[in-house]
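In case you want the letters, here they are:
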Amino acid sequence: MTPALACAQIRASEHGTVTQRVSGTTIAVEYDRPVARGRTLFGEGGVVRWGDKWTPGANWATTIDVDTDVRVDGQPLPKGKYSIWLVPAAAPAPWTMIFSRAARRFHTRPPGPEDDQLRIAVKPEQGMHMEALTWYFPIVTPDGTTLRMHWGTTYVPVQIGVELPRMVSLPADERPAYVGTYHLHVTPTGGRASYDTDVTIREVNDALKVVARPIDVFGNEVELVPVGDRRFHITYPASGKFRGQFYTEPGMIFVFDLSGGHAQGVQLIGYDNSVIGRGALAK
């Protein structure tokens, strides 16, 4: 092995990515992961000194990519890709987190304020030791998630809020075409035993409700939401403050075969986009 090839395989800060999907919004963080190695990380004499503008990672700046408009600690952040920078400060002062439109930056060349998309004050907290700098999502709810940067015993959380999608339904004159009971043969992934079940679709309050018996595939009465021609996602309607919105189950897709103005057959698509169930209209 040549020295050049050997060096190419050794990185002081390994590359990392983390992605979280929240009610139709995808949040992706890409970064390199410096290692603590017993060093003082923050403050005077530390790797990152008070007042320095620092990307929480190494090499190229850490980036965050959101595919819809979101809110970060209540402040709007338009969809797009941004580099992330932190300015630490001695306690009890807050730190500053910056989302910059200059997404491609080397860590020694922080962008100027003219590239700022958003600046927020964040509060660092103390916890267990994390040897390699890590970004992760410890909490996920229907309307948002907590994103956390953690290095050494210091972590910095921010809240990312998303808009839940509104319930969508078919026009009234199209819904009767899917009403009925379908006898379904299901072959689950992962080597589990196949089984038969009857899936009944009813029209209730301007929606198509679904229930399976005797084997309940879905764990609850759910609704069908159209996502394309003859294709429907399984959704779980929300309640309380999320009423009128829903949680989707993208790995349970119904695809109907229409003939003579009514669905005569159905396929159930699983998480890997394979057909895990087939059935025909029973009545």
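Treat the numbers as computed from the prediction; the structure is a model and nothing was measured. (Residues numbered from 1 in each chain as written. Predicted model: local features only at pLDDT ≥ 70, side-chain atom pairs only at ≥ 80, totals over all residues. Heavy atoms only, no water.)

J.: Looking at this structure, I do not really get empty space enclosed by the protein. What am I missing?
T.: Over the atoms rolls a probe the size of a water molecule, and in doing so it shows where empty space is left. One pass over the structure, following the stated rule, counts one cavity of 30 Å³ or more. Around the largest cavity, the lining comprises 11 residues; the ones closest to its centre are S169, L170, A207, L208 and L224. Going through the elements one at a time, strand 13 (207–213) and strand 14 (222–228) are the ones with two or more residues in the lining of the largest cavity. No other element matches strand 14, which puts three residues into the lining of the largest cavity. Of the residues in the lining of the largest cavity, the class split is seven nonpolar, one polar and three charged. (1 Å grid on protein atoms, 1.4 Å probe; cavity = no way out; pocket = protein on both sides within 12 Å on 5 of 7 lines; lining within 4 Å. Points joined across faces, edges and corners; volume = space filled by probe spheres on them. Helix = DSSP H or I, 4+ residues; strand = E, 2+ residues; numbered from the N terminus. Nonpolar A, V, L, I, M, F, W, Y, C, P; charged D, E, K, R; others polar.)

J.: Explain the confidence of the model for the protein to me, please; I cannot follow it from the model alone.
T.: Low pLDDT marks regions whose predicted coordinates should not be analysed in detail. Confidence in the prediction for the protein averages 88 pLDDT; 88% of positions are at 70 or higher. Low pLDDT, under 50, characterises residues 4–8; the predicted model gives this stretch one contact beyond four residues in sequence or across chains. (pLDDT = per-residue confidence, 0-100. Contact = heavy atoms within 4.5 Å.)

J.: In this structure, what is going on with the sheet that holds strand 3 (residues 63–66)? I would like to understand it.
T.: Sheet strands associate in pairs through backbone hydrogen bonding, adopting either a parallel or an antiparallel arrangement. The strand order 1-2-3-6-7-8 describes an open sheet built from six strands, whose pairing is antiparallel. The open sheet has two edge strands with one neighbour each: strand 1 (14–22) and strand 8 (116–122). Sheet twist, expressed as the mean angle between neighbouring strand axes with direction ignored, is 20 degrees. Direction of pairing for strand 1 relative to strand 2 (residues 25–33): antiparallel, over a ladder of nine bridges. Bridging from a neighbouring strand, V18 pairs with V29 of strand 2. (Pairing = 2+ DSSP bridges. Axes fitted to C-alpha atoms, helices over the stretch in contact; angles between N-to-C directions.)

J.: Would you mind going over the packing of aromatic side chains with me for this structure?
T.: Describing an aromatic ring pair means giving the distance of the ring centres and the angle of the ring planes. Tallied over the full model, the rule gives 11 aromatic pairs. With a centroid separation of 6.4 Å and an interplanar angle of 65 degrees, the aromatic rings of W50 and W95 are classed as edge-to-face. Of the two residues, W50 sits in the loop between strand 2 and strand 3 while W95 sits in strand 7 (residues 95–100), which places them 45 residues apart along the sequence. Here R104 stacks its cationic end above the ring of W60, 3.7 Å away from the centre of that ring. (Phe/Tyr/Trp six-rings, centres within 6.5 Å; stacked < 30°, edge-to-face > 60°. Lys NZ or Arg CZ within 6 Å of the ring centre and 35° of its normal.)

J.: Sorry if this is basic, but what is going on with the pattern of salt bridges here?
T.: When the charged atoms of two side chains lie near each other, side chains of opposite charge can form a pair. Taken as a whole and judged by the stated rule, the model has six salt bridges. The shortest N-O distance in the salt bridge between D116 and R119 comes to 2.5 Å. With a relative accessible area of 16%, D116 lands in the buried category. Residue class for R119 comes out partly exposed when judged on its relative accessible area of 44%. Between E203 and R175 there is a salt bridge; the shortest N-O distance is 2.9 Å. (Salt bridge = Lys/Arg side-chain N within 4 Å of Asp/Glu carboxyl O. Buried < 20%, exposed > 50% of the residue type's maximum accessible area, 1.4 Å probe, protein only.)

J.: I would appreciate a short explanation of the nonpolar core in the present structure.
T.: In a soluble, globular protein the nonpolar side chains are often hidden away together inside. Counting residues in hydrophobic clusters, the biggest one holds 35 residues, and the most contacted among them are I64, V72, M97, F99 and W135. Element by element, the count of residues in this core is highest for strand 10 (residues 144–161), at six residues. In this structure, M97 is in contact with I84, W85, L86, L118, R119, I120, V122, W135, V156 and V158, ignoring residues within four places of it in sequence. L170, Y178, L208 and V222 belong to the second-largest nonpolar core, a separate cluster that totals 23 residues. (Core = buried A, V, L, I, M, F, W, Y, C linked by side-chain atoms within 4.5 Å.)

J.: Explain the sheet that holds strand 4 (residues 70–72) to me, please; I cannot follow it from the model alone.
T.: Pairing is antiparallel in the open sheet, where four strands are placed in the order 5-4-10-9. This sheet does not close on itself; its edge strands, each paired only once, are strand 5 (75–77) and strand 9 (125–141). In this sheet, adjacent strand axes meet at a mean angle of 35 degrees when their direction is disregarded.

J.: Help me understand the environment of T235, please; the structure alone is not making it clear to me.
T.: Structurally, T235 can be placed in strand 15 (residues 231–237). In the structure, T235 is positioned 25 residues away from V210 in sequence and 9.8 Å away in space, judged by C-alpha atoms.

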